[in-house]
Amino acid sequence: DIPIDEVIVALLNLEVRNHRKMLRFRCPLCQGFHTATNNKNNLARCFDCQRNFNPIDMVMAATTRSFVQTVEFLKNHITDTQTN
């Protein structure tokens, strides 16, 4: 339920560029900027390494967290956001 843009910008603090109302981010795998996010399906895409990321995939790619650790990290973020 966490928007992919929020994961990229607020949680992971990845380098971003805004281009024509589109968020571009530095891919955590190939370091390229040929990327985009799609808020309709909550996915991010790197066109250089041809990888799609949902919020869980993005956190796992940008950090050393396992799947379970990533789910806990995102769950804690949701809890923190709801209490503030």
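Please read these numbers as outputs of a predicted model, since none were measured by experiment.

Enquirer: Tell me about unusual backbone geometry, and name the residues and values.
Expert: Its identity is not glycine, yet Asn13 carries a phi of approximately 55 degrees, on the positive side. Mapped onto the secondary structure, Asn13 falls in the loop between helix H1 (4-11) and strand S1 (16-19). Take Asn13: its relative accessible area is 64%, and that puts it in the exposed class. The phi angle at Gln50 is positive, at roughly 55 degrees, despite the residue not being glycine. Tracing the chain through its elements places Gln50 in the loop between strand S4 (43-46) and strand S5 (51-53). On the basis of relative accessible area, Gln50 is assigned to the exposed category, the value being 58%.

Enquirer: I'd like to hear about a nonpolar patch on the surface, residue by residue, with values.
Expert: Residues Met60, Phe67, Val68 and Val71 make up a contiguous nonpolar surface patch of about 340 Å² in total accessible area. At three residues, helix H3 (residues 67-83) tops the list of elements feeding residues into the nonpolar patch. On the secondary structure map, Val68 appears in helix H3. Residue classification places Val68 among the exposed positions, given a relative accessible area of 59%.

Enquirer: Can you break down the pairing of strand S3 (residues 35-38) residue by residue, with the values?
Expert: Where S3 lies against S4, four bridges are found, and the strand directions are antiparallel. Bridge assignment links Ala36 to a residue of S4, and that residue is Arg45. Hairpin remark: S3 followed by S4, antiparallel, with four residues in the connecting loop; positive phi at Asn42, about 60 degrees.

Enquirer: Which residues make up the nonpolar core, and what values do they have?
Expert: Membership of the largest hydrophobic core comes to 15 residues, with the highest contact counts inside it found for Val7, Ile8, Ala44 and Met58. Elements supplying a minimum of two residues to this core: H1, strand S2 (22-25), S4 and helix H2 (55-62).

Enquirer: For the packing of aromatic side chains, give the residues involved together with the corresponding values.
Expert: One pass over the structure, following the stated rule, counts zero aromatic pairs. Geometry around Phe33 places Arg17 over its ring, the cationic atom sitting 3.7 Å from the centre. Against the face of Phe73 rests Arg65, its NZ or CZ located 3.9 Å from the ring centre.

Enquirer: Please provide a residue-by-residue account of the sheet that holds S5, values included.
Expert: Taken in spatial order, the three strands line up as S3-S4-S5 in an open sheet, and their pairing is antiparallel. Of all the strands in the sheet, the pair left with one neighbour each is S3 and S5. Shown here is a sheet whose adjacent strand axes are inclined to one another by a mean of 20 degrees, direction ignored. In this fold H2 packs onto S4 and S5, with an angle of close to 110 degrees to the strand it touches most, S5.

Rules used in this analysis
Residues numbered from 1 in each chain as written. Predicted model: local features only at pLDDT ≥ 70, side-chain atom pairs only at ≥ 80, totals over all residues. Heavy atoms only, no water. Helix = DSSP H or I, 4+ residues; strand = E, 2+ residues; numbered from the N terminus. Buried < 20%, exposed > 50% of the residue type's maximum accessible area, 1.4 Å probe, protein only. Patch = residues over 30% accessible without salt bridge, like charges linked within 9 Å, V, L, I, M, F, W, Y side chains within 5 Å. Areas by Shrake-Rupley, 256 points an atom, 1.4 Å probe, with all protein chains shown as cover. Salt bridge = Lys/Arg side-chain N within 4 Å of Asp/Glu carboxyl O. Pairing = 2+ DSSP bridges. Core = buried A, V, L, I, M, F, W, Y, C linked by side-chain atoms within 4.5 Å. Phe/Tyr/Trp six-rings, centres within 6.5 Å; stacked < 30°, edge-to-face > 60°. Lys NZ or Arg CZ within 6 Å of the ring centre and 35° of its normal. Axes fitted to C-alpha atoms, helices over the stretch in contact; angles between N-to-C directions. Contact = heavy atoms within 4.5 Å.

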